[in-house]
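Descriptive analysis of the structure
Here are the chains, one letter per residue:
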Amino acid sequence: MDGHTEETLQRLLRRAGLEMAESDRARFIPMLEAYMESLEKLHSINLAGEQVGGVFRPESYED
């Protein structure tokens, strides 16, 4: 994760009054990066007015 994204995450957590342990952050960051990658792909597609539907995929990101 780039420094800007990690800094933004830290600010969001502080604003919400939450603290995240380093071990939890190490597990969370890969999931966040995968989500952001998928979101960037979605934003790059020209849907020409088509509806978008969400899909739940219960994939594990643990080693």
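The structure presented is a predicted model; accordingly, all values stated were derived computationally and were not measured. (Residues numbered from 1 in each chain as written. Predicted model: local features only at pLDDT ≥ 70, side-chain atom pairs only at ≥ 80, totals over all residues. Heavy atoms only, no water.)

A few words on helix α1 (residues 3–15). With 13 residues, α1 should reach 18 Å at 1.5 Å per residue; the first-to-last C-alpha distance of 18 Å fits that figure. Downstream of α1 by a residue or two, Gly 17 has a phi angle that is positive, lying close to 75°. (Helix = DSSP H or I, 4+ residues; strand = E, 2+ residues; numbered from the N terminus. Expected span 1.5 Å × (residues − 1).)

Relative to the helices and strands, Asn 46 resides in the segment after α2 (22–44). The exposed category is assigned to Asn 46, whose relative accessible area is 70%. It is 33 Å that separates the C-alpha atoms of Asn 46 and Leu 13, two residues lying 33 residues apart in sequence. Among the polar contacts made by the side chain of Asn 46, one reaches the main-chain amide nitrogen of Ala 48 at a distance of 3.1 Å. (Buried < 20%, exposed > 50% of the residue type's maximum accessible area, 1.4 Å probe, protein only. Polar contact = N/O pair within 3.5 Å; in protein donor to acceptor, adjacent residues only side chain to side chain.)

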